[in-house]
Each structure stands twice: as C-alpha cells, then as structure tokens.
Amino acid sequence: MEQSVKIANRNSIISALIYGATYVPTVWLLKHHVLSRPVSLVVAIVPVITFSIFIFKLIKAYAVMDEVKQRVQFEAVVIGFALTTLLLMILFLLSMCGISNPGWFGYAQLGGYCWLFYFVGWGISIKKYGL
Amino acid sequence: MKNTIKVERAKKNWTQAELAKHIGVSRQGLNSIETGKFIPSTVLALRMAKVFDTTVEALFQLDDTEG
C-alpha cells in the first residue's frame, strides 16, 4: 500500500514536470509567432495532452491516498474552486463596469490564480487536520 | 468526539507509525485521528477496533455536548 502511494505520487510529480516542460516552450513559440497558424494549433495541443495526462495521474494518486489525505485534497479543491469562482464573478462584474486588466487577469493568469487558490485551500486544510 | 486510541496503543506498546501501518493510514493521518481533528470512516474505525481487539464504541465516544 505504502509503495503504491509512493509510486502514484512520483508518477503525478513526473507528469507535472513533463507538463511544465511542454507548456513553457509552447507559450514562448505561440507568443513570438514563429510558427504558421496550422502548426501553432498542433503545437498548442501538446501541453493540453500532457496536462490531461497529469490530471489522470493526479486522480490515480488521489485514489490510493488514505482517507485523511483524501479529505485534505477534497477541501483544497473545494476552497480553490470557490475562490476561483469568486474571482471570476468579480472580474465579470468589473468588466461590465468597463474595468479590466488583461495583463494581470488574462486567461493565462487565471489558470495560475486557480492553482494558487488550490494551494491556499491545501494549506488551510493541512493546518486544520494538523498534518 | 473523543477516543481512546492512545490508551489502546499504549496497551499494545505500539508507536503511531506501527499502528498506522496496521490500519493502512499515514502516521500523520493517524495523529490527526488520535488528536480528534479528523473523524475516521466506519471502515477505518472498525479496522482500528479489530487490531485492538475491542469495539468501535469502546474506541470512540461522543462528547457530552454532542448528545
């Protein structure tokens, strides 16, 4: 059991690193318009695939966690989801008022905030259960 | 919810790590249960009662405020 948990954790970390290694160069290539549009579309799919694999491995790692760690992950996701929704609502309402800042709150940044909120939730939950 | 896990563990002369291994949770997870921060599932409570050769009711009791 302990061994399977370690393997699942290691696999999810490796897949996260692979995702990061594909995402950063993809963004650089797309941002600098060095590729034609059809090739750009193909390149853009690469991090989508690696991210999907990462999520799959993460869910597999979740399945072999003990129930205390599963609760921590669950609460982290709930808090992360709630805060992300709150942020999206605020940004929507601000955009209706004609106020927006794509430099700070563009699509790419929103993904980052989503992960940030997840880690905030994780920290809160870890503290709550004394892990 | 209060519990007597620490007492039962002392009777067996087990560390948290040893008990955690017997019931299939992490040591930190067991510590969280033992200190009352996390209420375990029925399955885990039954598993714990089994390794201590006791009942779930003997291991876990409601606080006076919980009725």
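As a reminder, the structure under discussion sits directly above these lines.
Residues numbered from 1 in each chain as written. Chains lettered and ligands numbered in written order. Predicted model: local features only at pLDDT ≥ 70, side-chain atom pairs only at ≥ 80, totals over all residues. Heavy atoms only, no water.

1. So, the overall build of chain B
Here comes step 1: A count of helical and extended segments in chain B gives five helices and two strands.
Here comes step 2: For chain B, the sequential pattern of α-helices and β-strands runs β-α-α-α-α-α-β.
Here comes step 3: Reported as C-alpha extents along the three principal axes, the dimensions of chain B are approximately 35 × 20 × 20 Å.
Here comes step 4: Across the 67 residues that make up chain B, the buried fraction comes to 37%.
Here comes step 5: Across chain B, every contact between residues at least 6 apart in sequence was considered, and the portion connecting residues at least 24 apart equals 56%.
Here comes step 6: As displayed, chain B has an accessible area near 4,000 Å², and 52% of this comes from carbon and sulfur atoms.
Here comes step 7: Within chain B, one finds 10 positive and 8 negative side-chain charges whose respective centroids are separated by 9 Å. (Helix = DSSP H or I, 4+ residues; strand = E, 2+ residues; numbered from the N terminus. Buried < 20%, exposed > 50% of the residue type's maximum accessible area, 1.4 Å probe, protein only. Contact = heavy atoms within 4.5 Å. Areas by Shrake-Rupley, 256 points an atom, 1.4 Å probe, with all protein chains shown as cover. Lys, Arg positive; Asp, Glu negative; His and termini not counted. Charge placed at Lys NZ, Arg CZ, Asp CG, Glu CD.)

2. Concerning the interface of chain A and chain B
Here comes step 1: Between chain A and chain B, the residue contacts involve 10 residues of the former and 13 residues of the latter.
Here comes step 2: Carbon and sulfur atoms make up 60% of the area that chain A and chain B hide from each other, which totals about 940 Å².
Here comes step 3: When residues of chain A are sorted by the area they lose upon contact with chain B, Glu67, Val68 and Tyr129 of chain A head the list and together hold 49% of the total.
Here comes step 4: On inspection of chain A and its partner chain B, the count reaches zero salt bridges.
Here comes step 5: Inspection of the region where chain A meets chain B yields three residue pairs in polar contact (both at pLDDT 80 or more). (Buried area = accessible area lost by both parts, 1.4 Å probe. Salt bridge = Lys/Arg side-chain N within 4 Å of Asp/Glu carboxyl O. Polar contact = N/O pair within 3.5 Å; in protein donor to acceptor, adjacent residues only side chain to side chain.)

3. Considerations on the environment of Gly80 of chain A
Here comes step 1: Looking at the element boundaries, Gly80 of chain A is found in helix H3 (residues 67–96).
Here comes step 2: In contact with Gly80 of chain A, not counting residues within four places along its chain, are Phe117 and Tyr118 of chain A.

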